[in-house]
Amino acid sequence: CESMANRVALRLLVLAQLGARWAHALLNAGQRVALVTGASRGIGKGIAVELGRAGYTCYCLGRSSRMSGVTSDRALPGDLDLTIESTAEAVTAAGGRGVPICCDVTSDQAIKKAVAQVGEAEGRLDLLCCSAYTTPPDGLRANFWEQGTQMWDYTNGVGLRQLYATCVEATPLLIETAQKESTSTPLIVLVSSFGGSSYTFNVAYGVGKAATDRLARDMAIELAPFGVTTSSLYPGLVRTEGNMELERLGLWEEASGGLDLALGETAAFSGRAVTALAGLSRAELLERSGRVQVVAELAKEFDFLEADGSRPPSIRSLAFLLPNYAFPQMEAGGLRIPAWVRSSVPDVLLPWSIFSSGSPPAAPDDEARV
């Protein structure tokens, strides 16, 4: 026993002499490291917490902190702690290690400082997820000439530029990790949407999401020789805190065009998709690199579910399109849809060539507005 105690004491002494950084590196050797922007709430938070559940050290970046307060241009529930500290605590509670960093990703220097902090503390970065986004307070749905350039700045000033700026700063650390960690194939995940493939909400929104998809695709070409991979992630209709608050206030139907939020996904569902991708082999990740990955379709492929055991359909599935678009139009015309028809819609995907072509299906509210 005395010999064991001496060995433990000697190890602690060595760690103290090495200094805090190297002590941390030794005690956490092999633990994968992720950096998630937009992590204080919504999809970013869901991804961060699920990465924690998978054992990651996760750096949670966002503007909203307990020190500075919650920052948002849209209504949010007042009874929730939507801060980076809360997310970091949830990451740790899930089994990982959460580290909050207050960071405004509109500042290149702030991004640079955050990435440098990760590199200094961890010496590696295995996964970068860019989820920061700003939603305009007056909603997304209107003609582009009525919205003006303000809509472009809202949707693409953070939603697109920060993707590029964050990838620019983080890529050298990702490449370094790929070169020195034989078991790691670093992955960049850009949170996009179906708006990158089909008209959604407005022109500026769609252009930004299409550019996000192209960014993932073109980065994959340049990063392939270095063993770093990319994905453009398509969540479906997501029950974020902001969307749930719109529903509580009675504003969701107008804001969404009548979509049924009850058919939506949780933010954690996107997190399970990211952890599934990150768990693939190097060969599998390189083969998929640069492609669009749909959260609901990954759920079917890798057999993961929501916490309640459900599996929401992909937005390009008949199981989503018929209840949200076709059935409401039919009922607006006086045709009643039997319950057995609603419950038996097959989960069949439209080919991308069909889903992406032409105008989107119009809900009754859209037709009334035209």
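Conventions used here
Residues numbered from 1 in each chain as written. Predicted model: local features only at pLDDT ≥ 70, side-chain atom pairs only at ≥ 80, totals over all residues. Heavy atoms only, no water. Disulfide = S-S within 2.5 Å. Core = buried A, V, L, I, M, F, W, Y, C linked by side-chain atoms within 4.5 Å. Buried < 20%, exposed > 50% of the residue type's maximum accessible area, 1.4 Å probe, protein only. Helix = DSSP H or I, 4+ residues; strand = E, 2+ residues; numbered from the N terminus. Contact = heavy atoms within 4.5 Å. Expected span 1.5 Å × (residues − 1). Polar contact = N/O pair within 3.5 Å; in protein donor to acceptor, adjacent residues only side chain to side chain. Axes fitted to C-alpha atoms, helices over the stretch in contact; angles between N-to-C directions. Parallel < 35°, antiparallel > 145°, perpendicular 65-115°, else oblique. Left-handed = near helix turned anticlockwise from the far one by under 90°. Nonpolar A, V, L, I, M, F, W, Y, C, P; charged D, E, K, R; others polar. Phe/Tyr/Trp six-rings, centres within 6.5 Å; stacked < 30°, edge-to-face > 60°. Lys, Arg positive; Asp, Glu negative; His and termini not counted. Salt bridge = Lys/Arg side-chain N within 4 Å of Asp/Glu carboxyl O. Pairing = 2+ DSSP bridges.

A word on the state of the cysteines
Thought 1: Counted by the stated rule, this structure contains 0 disulfides.
Thought 2: Of all cysteine sulfurs, the one in Cys60 lies closest to Cys58, which takes part in no disulfide; the gap is 4.2 Å.

Points about the nonpolar core
Thought 1: Membership of the largest hydrophobic core comes to 33 residues, with the highest contact counts inside it found for Val36, Ile47, Leu51, Leu127 and Leu233.
Thought 2: The biggest single contributor to this core is helix H11 (residues 267-278), with 6 residues.
Thought 3: Every residue in contact with Leu51, bar those within four places of it in the chain, is listed here: Ala34, Val36, Tyr56, Leu127, Val274 and Thr275.
Thought 4: Within the second largest apolar cluster, 32 residues are counted, among which are Leu125, Ala132, Leu173 and Leu223.

Focus: the environment of Ala210
Thought 1: By the secondary structure assignment, Ala210 is in helix H8 (residues 203-223).
Thought 2: For the pair Ala210 and Ser197, spaced 13 residues apart in sequence, the C-alpha to C-alpha distance is 6.6 Å.

Some words on H8
Thought 1: The first and last C-alpha atoms of H8 sit 30 Å apart over 21 residues, in line with the 30 Å expected at 1.5 Å per residue.
Thought 2: When we look at burial in H8, the residues that qualify are Ala204, Tyr205, Gly206, Gly208, Lys209, Thr212, Asp213, Leu215, Ala216, Met219, Ala220 and Leu223.
Thought 3: Here the buried face of H8 lies against helix H6 (144-157), helix H7 (161-180), strand S5 (187-191), strand S6 (229-234) and strand S7 (292-294).
Thought 4: Where H8 begins, the side chain of Asn202 points an oxygen toward the backbone nitrogen of Ala204, at a separation of 3.0 Å.

Here's the deal with the packing of helix H5 (residues 108-122) against H7
Thought 1: At their nearest, the axes of H5 and H7 sit 10 Å apart, and the two run at 30 degrees to each other. When the axis of H5 is compared with that of H7, the two are roughly parallel. The two elements H5 and H7 meet at a crossing, and its hand is right-handed. Seen from H5, the contacting residues are Asp108, Ile111, Lys112, Val115, Val118 and Gly119; seen from H7, they are Arg161, Ala165, Thr166, Glu169, Ala170 and Leu173.
Thought 2: Tallied by class, the residues present in the contact of H5 with H7 amount to 6 nonpolar, 2 polar and 4 charged.

Comments concerning the packing of aromatic side chains
Thought 1: For the coordinates displayed, the defined rule picks out 9 aromatic pairs.
Thought 2: A centroid spacing of 5.1 Å and a plane angle of 55 degrees characterise the contact between Phe194 and Tyr234, whose relative ring orientation is tilted. Here Tyr234 lies in strand S6 and Phe194 lies in the loop between S5 and H8, a separation of 40 residues in the sequence.
Thought 3: A relative accessible area of 5% places Phe194 in the buried class.
Thought 4: Ring centres of Phe269 and Phe304 lie 5.4 Å apart, and the angle between their planes is 70 degrees; on these two criteria the pair is classed as edge-to-face.

Considering helix H13 (residues 295-302)
Thought 1: Residues Val295, Ala296, Glu297, Leu298 and Ala299 constitute the buried set of H13.
Thought 2: Among the structural elements, S6, H11, helix H12 (282-288) and S7 are those in contact with the buried residues of H13.
Thought 3: Following H13 by one or two positions, Asp303 has its phi on the positive side, about 60 degrees.

A few points about the side chain of Lys45
Thought 1: Secondary-structure assignment places Lys45 in helix H3 (residues 42-53).
Thought 2: Among buried Asp, Glu, Lys and Arg side chains, Lys45 stands out as unpaired, with Glu241 the closest opposite charge at 5.1 Å.

A look at the environment of Arg141
Thought 1: Tracing the backbone shows Arg141 in the loop between strand S4 (127-130) and H6.
Thought 2: A relative accessible area of 27% means that Arg141 is categorised as partly exposed.
Thought 3: Residues Arg141 and Ala255, 114 residues apart in the sequence, show an inter-C-alpha distance of 7.1 Å.

Topic: the sheet that holds S7
Strands in a sheet are paired, the pairing made by backbone hydrogen bonds, and the direction either parallel or antiparallel.
Thought 1: Here 7 strands make up an open sheet; going across it, the order is S3-S2-S1-S4-S5-S6-S7 and the pairing parallel. Sheet topology places strand S3 (97-102) and S7 at the edges, where each strand pairs with a single neighbour. For this sheet, the mean inter-axis angle between neighbouring strands, taken without regard to orientation, is 20 degrees.
Thought 2: Note that strand S1 (residues 33-36) and S4 share 3 bridges and pair parallel. Each residue of the ladder has a partner; that of Ala34, found in S4, is Leu127.
Thought 3: The sheet contacts of helix H4 (residues 84-93) involve strand S2 (57-62) and S3, and relative to S3 the element is tilted by about 170 degrees.
Thought 4: With respect to the sheet, H13 is in contact with S6 and S7, its orientation differing from that of S7 by roughly 70 degrees.

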